[in-house]
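Here's the letter readout for the chains.
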Amino acid sequence: MNFFKILLSLVLLVVMASCKTDVSLDFERPFEKKVGIVLPLSTNQSARDIADGMAMAVAEFNASQGKDGIVEFFFEDIGENKNKPLNAISRLTERGVRVFCVGFDKEIIMQHKMFSNFSGAFFNFFMSYPPATIQGSNNSTRMFFNVAQEADIMAEYALKQKGSKTYVILSEDSAWGKSAGDFLNFSVSASDRKVFRDYFTTGEKSFDIFAKQILYQNPKAIFYVGDGCEFEYLENALKRASFKGILLRNRGMQLNVEKSSYSKVCLTKFETCNTDKIKKFKTDFQNKFSRQPSIFSAWGYDSANHLIQAMYKTNFILSKMRKQFCNVEKNGVVGTLKFDSSADCTTDLTLK
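Definitions and limits used
Residues numbered from 1 in each chain as written. Predicted model: local features only at pLDDT ≥ 70, side-chain atom pairs only at ≥ 80, totals over all residues. Heavy atoms only, no water. Buried < 20%, exposed > 50% of the residue type's maximum accessible area, 1.4 Å probe, protein only. Helix = DSSP H or I, 4+ residues; strand = E, 2+ residues; numbered from the N terminus. Pairing = 2+ DSSP bridges. Right-handed = clockwise from strand over helix to strand, strands pointing away. Axes fitted to C-alpha atoms, helices over the stretch in contact; angles between N-to-C directions. Parallel < 35°, antiparallel > 145°, perpendicular 65-115°, else oblique. Left-handed = near helix turned anticlockwise from the far one by under 90°. Contact = heavy atoms within 4.5 Å. Nonpolar A, V, L, I, M, F, W, Y, C, P; charged D, E, K, R; others polar. Polar contact = N/O pair within 3.5 Å; in protein donor to acceptor, adjacent residues only side chain to side chain. pLDDT = per-residue confidence, 0-100. Phe/Tyr/Trp six-rings, centres within 6.5 Å; stacked < 30°, edge-to-face > 60°. Lys NZ or Arg CZ within 6 Å of the ring centre and 35° of its normal. Lys, Arg positive; Asp, Glu negative; His and termini not counted. Salt bridge = Lys/Arg side-chain N within 4 Å of Asp/Glu carboxyl O. Core = buried A, V, L, I, M, F, W, Y, C linked by side-chain atoms within 4.5 Å.

Here strand β9 (residues 246-249) shows no split at all, with I246 and L248 on one side and L247 and R249 on the other all buried. Taken together, the four bridges between strand β8 (residues 221-225) and β9 define a ladder with parallel strand orientation. Within β9, the position partnered with F223 by the bridge is L248. Traced from β8 through helix α8 (residues 231-240) to β9, the parallel crossover comes out right-handed.

Okay, here's the thing in C-alpha cells:
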C-alpha cells in the first residue's frame, strides 16, 4: 500500500510539474499585450542585435500609442546554460506572456516540436538550423534566414578573393555546428579546391595547436562556425601564427584580413542599400545603441513590427495569429518577406 502511495505521489508531482510549463489556455480568449524573447543574449552578438532591434521597434510603436496601446516585451537569456528554454518560457507564461520569439538552433531545436503543440501560445522561430521546419504546426511562424543561406554568402565572398584554393572550415563540435559546417562545405567544395574540416569544443580558448595545423594547409580562407564566444581566441591564435589569409565568421560575418586590418563584410542588400527607410533605421539604431546595426538588428526590428501588427489585426486571439503569416508578403527594413502556406518565411537574403 505504501508503495502505491509513493507511486501516486510521484505521478502527481510529475503532473504538477508539467502543469507549470503547460501554457494551454482558451485559444479563443484575448491574450495580454506582451511578447517574450528567449535567446542566448549573453553569448551571441547576433542574438543581442535581434533583441535590440526588437526593443527599438516596440519603443517606437509604444511612443505612437496611448496608455491603452502599450506592448510589453520581456527578455530571457538562455546563454551559457543560464536558463533552459522550457524554464524560460514557463517563467514568461507566469507573467502573462503568450506570444514568443525563440531561437531555432541548438538552444531550441530539440524542443521546437513540443512548443509547436502548445495550444495556448504563438511562437516566432528565429531559424538557423537547416533541417528543421515548422510544417504541421498550428501556432508558429518563422521570420529568419537559415544557415544554408549564411553558408552561401560566406562562400561567395571568400571564393572571390585571390590566392590559394585551399579552405579550412572550423566548426563547433555539436549537431548544429556540424550541420552548418556541412552546408558551408557544400558551398565551397569543387574539384579544383581543397577543403579541410576540424571541430572545436564549445567555449574553447586554446587555439594555438589548431592554428599551427591550419597553417600547414596554407589556406586562403578560414571559416569559423560557432556562437562567437571562441572567435576572439581563434583570431588571436592565428595572429600569433602569422596567418595572412581571410578569417570569416557566421552570424555577423566579421572579417579579419591579414594581421590587424578589420572591417565589416557587407554582403546583403540591407548593408549596401541607402533607401530613406534603411537610412532612418540605421541612424535611429546608431543613436539609440551607439553602434551600427547588423542585418540581425534589422530582422529583429521587422519581426517585432510584424508580430505587433498581427496581434492587433487578430484582436489578440491566438487561434487567428498564424493566418496572418500564411501566403502573404510583408514589407520592412530588410525588404519584402514572403511567407508560404505553412507560415514559413521563404525569402532568401539578397546578395550584392
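The next subject is the packing of helix α2 (residues 45-63) against helix α11 (residues 295-313). Where α2 contacts α11, the two axes come as close as 7 Å, and the packing angle between them is 45 degrees. One finds that α2 runs oblique with respect to α11. Crossing geometry of α2 relative to α11 is assigned as right-handed. When α2 is examined against α11, the residues S46, D49, I50, G53, M54, M56, A57, V58, E60 and F61 are found in contact with a partner set consisting of F296, S297, G300, Y301, S303, A304, N305, I308 and Y312. Residue classes in the contact of α2 with α11 are distributed as eleven nonpolar, six polar and two charged.

Moving on to the side chain of T93. Relative to the helices and strands, T93 is located in helix α3 (residues 85-94). In terms of polar contacts, T93 uses its side chain to reach the backbone carbonyl oxygen of S90, at 2.6 Å.

As a further point, take the confidence of the model for the protein chain. With 80% of its residues at a pLDDT of 70 or more, the protein chain shows a mean pLDDT of 80. Per-element confidence in the protein chain is highest for strand β7 (residues 194-200), whose mean pLDDT is 94, and lowest for helix α1 (residues 2-21), whose mean pLDDT is 39. Confidence over residues 1-25 falls short of pLDDT 50; this stretch has 15 contacts with residues more than four positions distant or in other chains. Contacts of residues 254-266 to residues separated by more than four positions or lying in other chains number 39 contacts, the stretch itself having pLDDT below 50.

Right, let's get into the packing of aromatic side chains. To describe a pair of aromatic rings, one takes the distance between the centres and the angle between the planes. Using the criterion set out here, one finds 16 aromatic pairs in the structure. Ring geometry for F285 and F289: centres 4.7 Å apart, planes at 45 degrees, overall tilted. Highlighted residues: F285 and F289, both in helix α10 (residues 276-289), separated by four residues, approximately one helical turn. The exposure class assigned to F285 is buried, which follows from its relative accessible area of 0%. F289 gets classed as partly exposed once you look at its relative accessible area, which sits at 21%. An aromatic cluster is present here, built from F200, F207, F210, Y224 and F231 joined pairwise through their rings. Over the ring of Y199 we find K178, and its NZ or CZ is 5.6 Å from the ring centre. A cation over a ring is seen here: K330 above F325, with NZ or CZ 4.9 Å from the ring centre.

Secondary-structure assignment places R98 in the loop between α3 and β3 (99-104). Buried and without a salt bridge, R98 has E32 as its closest oppositely charged side chain, separated by 6.4 Å. Within the local environment of R98, its side chain forms a polar contact with the backbone oxygen of T93, the two atoms lying 3.1 Å apart.

Let's shift gears to the nonpolar core. By size, the foremost hydrophobic cluster in this structure holds 45 residues, and its most contacted members are M54, F73, V99, L307, M321 and F325. At the level of elements, β1 (34-39), α2, β3, β4 (122-127), α10 and α11 are the ones that each hand at least two residues to this core. At ten residues, α11 tops the list of elements feeding residues into this core. Each residue touching F73, except ones within four places of it in the same chain, is listed here: V35, I37, M54, V58 and A304. Counting 17 residues, the second largest nonpolar core, distinct from the first, contains L86, A88, I108 and F123.

A few words now on unusual backbone geometry. The backbone of S242 sits at a positive phi, close to 65 degrees, despite the residue not being glycine. Relative to the helices and strands, S242 resides in the loop between α8 and β9. Among the residues examined, S242 registers a relative accessible area of 37% and is labelled partly exposed. In the Ramachandran plot, A343 falls in the positive-phi region, its phi being about 65 degrees despite a non-glycine side chain. Note that A343 resides in the segment after β13 (335-338). On the basis of relative accessibility, which here comes to 0%, the residue A343 falls in the buried class.

Quick look at the pairing of strand β2 (residues 72-77) now. Direction of pairing for β1 relative to β2: parallel, over a ladder of six bridges. Across the sheet, L39 pairs through a bridge with D77, a residue of β2. Regarding the hand of the β-α-β motif, the stretch spanning β1, α2 and β2 is right-handed.

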